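In case you want the letters, here they are:
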Amino acid sequence: MAGKVITVAQQKGGSGKTTIAVNLAVAFLREGLSVAVLDTDPQGSLGRWFMTRREGGDPGLDFSTASAWGVGYECDKLRKLHDMVIVDTPPKVDSDLRPALRESDLIVVPVATSQVDLWATESVLDLAERTRRPAVVVLNRYKAGTRVADDVGAALEEAGMPRLTAVLGNRIAYAETLGQGRGVQERGRGAWSDEVEALAREVRARLEA
Ligand SMILES: Nc1ncnc2c1ncn2[C@@H]1O[C@H](COP(=O)(O)OP(=O)(O)OP(=O)(O)O)[C@@H](O)[C@H]1O
Ligand SMILES: [Mg+2]
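Every value quoted in this text rests on a predicted model; they were computed, and no experiment measured them.

**Remarks on the overall build of the protein chain**
The secondary structure content of the protein chain amounts to nine helices and six strands. Taken against the 2.2 N^0.38 rule, which gives 17 Å for 209 residues, the C-alpha radius of gyration of the protein chain at 16 Å falls within 12% of a compact globule. The C-alpha extent of the protein chain, read off along each of the three principal axes, is 45 × 40 × 35 Å. A buried classification covers 54% of the 209 residues belonging to the protein chain. Sequence-distant contacts in the protein chain: of pairs separated by 6 or more residues, those separated by 24 or more amount to 79%.

**Quick look at the layout of surface pockets**
The volume enclosed by the largest pocket comes to roughly 370 Å³. Around the largest pocket sit 21 residues that line it, and Gly14, Ser15, Gly16, Thr19 and Leu178 are the ones nearest its centre. Broken down by secondary-structure element, the contributors of at least two residues to the lining of the largest pocket are helix 1 (17–30) and helix 8 (172–179). Considered class by class, the residues forming the lining of the largest pocket number five nonpolar, 12 polar and four charged.

**Thoughts on the pattern of salt bridges**
Counted according to the given criterion, the structure contains 11 salt bridges. Put simply, Asp194 and Arg189 hold a salt bridge, and the shortest N to O gap is 2.5 Å. A salt bridge links Glu208 to Arg204, with the nearest nitrogen and oxygen atoms 3.8 Å apart. Placement of both Glu208 and Arg204 in helix 9 (residues 191–208) is noted, with a separation of four residues, approximately one turn of the helix. Through salt bridges with shared partners, a single ionic network connects Glu31, Arg204 and Glu208.

**Some details on the sheet that holds strand 6 (residues 135–140)**
Taking strand neighbours across the sheet as the criterion, the six strands line up as 3-2-4-1-5-6 in an open arrangement whose pairing is parallel. The open sheet has two edge strands with one neighbour each: strand 3 (62–65) and strand 6. For this sheet, the mean inter-axis angle between neighbouring strands, taken without regard to orientation, is 25°. In the sheet, strand 5 (residues 106–112) pairs with strand 6 via six bridges, with the strands oriented parallel. What sits directly across from Val109, in strand 6, is Val137. Packing of helix 6 (residues 121–130) onto the sheet brings it into contact with strand 5 and strand 6, and relative to strand 5 it is tilted by some 175°.

**Re the environment of Glu195**
By the secondary structure assignment, Glu195 is in helix 9. In sequence terms Glu195 and Val167 are 28 residues apart; their C-alpha atoms lie 6.6 Å from each other. Polar contacts involving the side chain of Glu195 include one to the main-chain amide nitrogen of Gly169, which spans 2.9 Å.

**Some remarks on the site of ligand 1**
Near ligand 1 there are 18 residues, and of these Lys17, Thr19, Asn140, Arg141 and Gly169 occur at the shortest range. Residue Gly14 places a main-chain N or O atom 3.0 Å away from an oxygen atom belonging to ligand 1. Between Asn170 and ligand 1, the recorded distance is 3.4 Å, taken from a side-chain N or O atom to a nitrogen atom. Look at ligand 1: alone it shows 630 Å² of surface, and the protein chains cover 82% of it. In this structure the site holding ligand 1 corresponds to the largest pocket. In terms of residue class, the shell around ligand 1 is made up of four nonpolar, 10 polar and four charged.

**Considerations on the environment of Val35**
Along the chain, the position of Val35 falls in strand 2 (residues 35–39). In this structure, the C-alpha to C-alpha distance between Val35 and Thr146, residues 111 residues apart in sequence, is 36 Å. Those residues in contact with Val35 that lie beyond four places of it in its chain are Ala25, Phe28, Leu29, Leu61, Asp62, His82, Met84 and Ile86.

**Looking at the nonpolar core**
One finds Leu24, Phe28, Val35, Ile86, Leu199 and Val203 to be the most contacted residues of the largest nonpolar core, which totals 36 residues. No other element matches helix 1, which puts nine residues into this core. In this view, Phe28 contacts Ile6, Leu33, Val35, Met84, Ile86, Ala200, Val203 and Arg204; residues no more than four positions away in its chain are not counted. Within the second largest apolar cluster, 18 residues are counted, among which are Val124, Ala128, Leu139 and Val167.

Cut-off values and rules
- Residues numbered from 1 in each chain as written.
- Chains lettered and ligands numbered in written order.
- Predicted model: local features only at pLDDT ≥ 70, side-chain atom pairs only at ≥ 80, totals over all residues.
- Heavy atoms only, no water.
- Helix = DSSP H or I, 4+ residues; strand = E, 2+ residues; numbered from the N terminus.
- Rg over C-alpha atoms; globule rule 2.2 N^0.38 Å.
- Buried < 20%, exposed > 50% of the residue type's maximum accessible area, 1.4 Å probe, protein only.
- Contact = heavy atoms within 4.5 Å.
- 1 Å grid on protein atoms, 1.4 Å probe; cavity = no way out; pocket = protein on both sides within 12 Å on 5 of 7 lines; lining within 4 Å.
- Points joined across faces, edges and corners; volume = space filled by probe spheres on them.
- Nonpolar A, V, L, I, M, F, W, Y, C, P; charged D, E, K, R; others polar.
- Salt bridge = Lys/Arg side-chain N within 4 Å of Asp/Glu carboxyl O.
- Pairing = 2+ DSSP bridges.
- Axes fitted to C-alpha atoms, helices over the stretch in contact; angles between N-to-C directions.
- Polar contact = N/O pair within 3.5 Å; in protein donor to acceptor, adjacent residues only side chain to side chain.
- Near = heavy atom within 4 Å.
- Areas by Shrake-Rupley, 256 points an atom, 1.4 Å probe, with all protein chains shown as cover.
- Sits in = over half its atoms within 2 Å of the grid points.
- Core = buried A, V, L, I, M, F, W, Y, C linked by side-chain atoms within 4.5 Å.

The quantities given are spatial measurements derived from coordinates; they are silent on function.
Below, the structure is given as structure tokens:
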């Protein structure tokens, strides 16, 4: 059976694309799935994460890179070998993003919880719609009980943008583990592991729906 492709995309830089890509990858690994990550961002953060992980021993997952025109081929290859293929993308929405979106069973759009980030979200949701692929927003750096969290939540609802219930809090654990080639769950249990588990569960439910 062919694996599922999840693309993480958002025009806004630093919204948490790479963070969500690696933490989903590690969450799926821990569920016993076979996982590959594909870096299509010339910044190469996902690749650096993987190489750091590899220095620490068997990374437990497969890694590849592709530029826009090679994404289709690479995804095809990886989805035959793995249950989950997670694609990280550069912070822009243009024709180069289209091949990755087209391959996707689900597009995950991180929104660092702020109005500016929300403004940047429309373009990727539009492109997802044009490629007829399902897309969902995930709120990142979420601070429960703050005015901005409430405002962004309300604005998403009003705009009819689909979002996941799971949110990722603003936690140093994400920044630290990213630099160490790990996922937050590999740091032990805490609020961080609960929220990543919830995110992975919801993403899988969407894929199976
Ligand atoms: N929930 C979070 N809590 C704390 N720090 C976070 C969180 N999410 C991301 N970060 C940090 O914010 C920075 C940007 O995150 P990340 O690299 O995942 O964003 P990105 O969307 O991939 O950026 P780019 O657009 O440059 O590719 C990183 O230093 C990361 O560790
Ligand atoms: Mg990135």
